[in-house]
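# Residue-level structure breakdown
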Amino acid sequence: MILIDPPNAPGHGRLWSHLASDASFDELHDFARRAGIPARGFDRDHYDVPAERYDDVVALGAHPVTSRELVRRLRAAGLRRRRPRVPREQGSAGP
C-alpha cells in the first residue's frame with residue numbers, strides 16, 4: 001500500500017510530506033513515476049513530496065496516515081532505512 005503523511009516536515013522554505021510503501025520499493029518507485037515525482041525526491045526509504053502536491057498524490061491513490069504510522073509500517077515491513085550514524089571523533093566536544 002502507498003502511504004503519505006501530512007506535509008509537516010520543513011525544508012527549503014516549504015513543507016513536505018513523505019511518500020512510502022509498506023510492501024516494496026518497486027511499488028513505491030512505480031507510484032512515484034506515475035505521479036510525476038522526480039527520482040531526486042527519493043531519500044533512503046521514501047519520497048519527499050511538496051505540500052502543494054499532497055492532494056494530487058492522495059487523489060492518485062496514496063493513503064493518508066500520520067507520520068508515526070508511516071514509520072511504524074515501514075519498520076513492520078522491513079523497509080525502514082535509517083540514516084547511517086557518523087561517529088564523533090574521540091576527544092572532540094560536540095552537541
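Residues numbered from 1 in each chain as written. Predicted model: local features only at pLDDT ≥ 70, side-chain atom pairs only at ≥ 80, totals over all residues. Heavy atoms only, no water.

The subject of this paragraph is the overall build of the protein chain. On a plain count of helices and strands, the protein chain comes out with 3 helices and 6 strands. For the protein chain, the N- to C-terminal ordering of α and β elements is β-β-β-α-β-β-α-β-α. Put simply, the protein chain has 95 residues, and 33% of those count as buried. If you take every contact in the protein chain between residues at least 6 apart in sequence, the share linking residues at least 24 apart comes to 57%. Summed over its atoms, the accessible surface of the protein chain is roughly 6,400 Å², and 52% of this surface lies on carbon and sulfur atoms. Charged side chains in the protein chain number 16 positive and 13 negative. The centres of these two groups are separated by 6 Å. (Helix = DSSP H or I, 4+ residues; strand = E, 2+ residues; numbered from the N terminus. Buried < 20%, exposed > 50% of the residue type's maximum accessible area, 1.4 Å probe, protein only. Contact = heavy atoms within 4.5 Å. Areas by Shrake-Rupley, 256 points an atom, 1.4 Å probe, with all protein chains shown as cover. Lys, Arg positive; Asp, Glu negative; His and termini not counted. Charge placed at Lys NZ, Arg CZ, Asp CG, Glu CD.)

Moving on to the environment of Tyr-54. Relative to the assigned elements, Tyr-54 resides in helix α2 (residues 54-59). We classify Tyr-54 as buried; its relative accessible area is 16%. With near-sequence residues (within four places) excluded, Tyr-54 lies in contact with Ile-4, Asp-5, Pro-6, Pro-7, Ser-17, Val-49 and Pro-64.

What follows is about the layout of surface pockets. Computed from the structure, the largest pocket encloses a volume of approximately 270 Å³. Residue lining of the largest pocket: 15 residues in total, with Trp-16, Gly-41, Asp-48, Val-49 and Pro-50 positioned closest to the centre. When contributions to the lining of the largest pocket are tallied by element, the ones reaching two or more residues are β2 (9-11), β3 (14-21) and β5 (46-50). When the residues that make up the lining of the largest pocket are grouped by side-chain class, the tally is 7 nonpolar, 5 polar and 3 charged. (1 Å grid on protein atoms, 1.4 Å probe; cavity = no way out; pocket = protein on both sides within 12 Å on 5 of 7 lines; lining within 4 Å. Points joined across faces, edges and corners; volume = space filled by probe spheres on them. Nonpolar A, V, L, I, M, F, W, Y, C, P; charged D, E, K, R; others polar.)

Once that is clear, we can look at unusual backbone geometry. Backbone geometry at His-12 places phi at a positive 55°, although glycine is not the residue there. With respect to the helices and strands, His-12 occurs in the loop between β2 and β3. Judged by relative accessible area, His-12 falls into the exposed class, the value being 80%. Residue Arg-44 is not a glycine yet carries a positive backbone phi of 65°. Mapped onto the elements, Arg-44 comes out in the loop between β4 (42-43) and β5.

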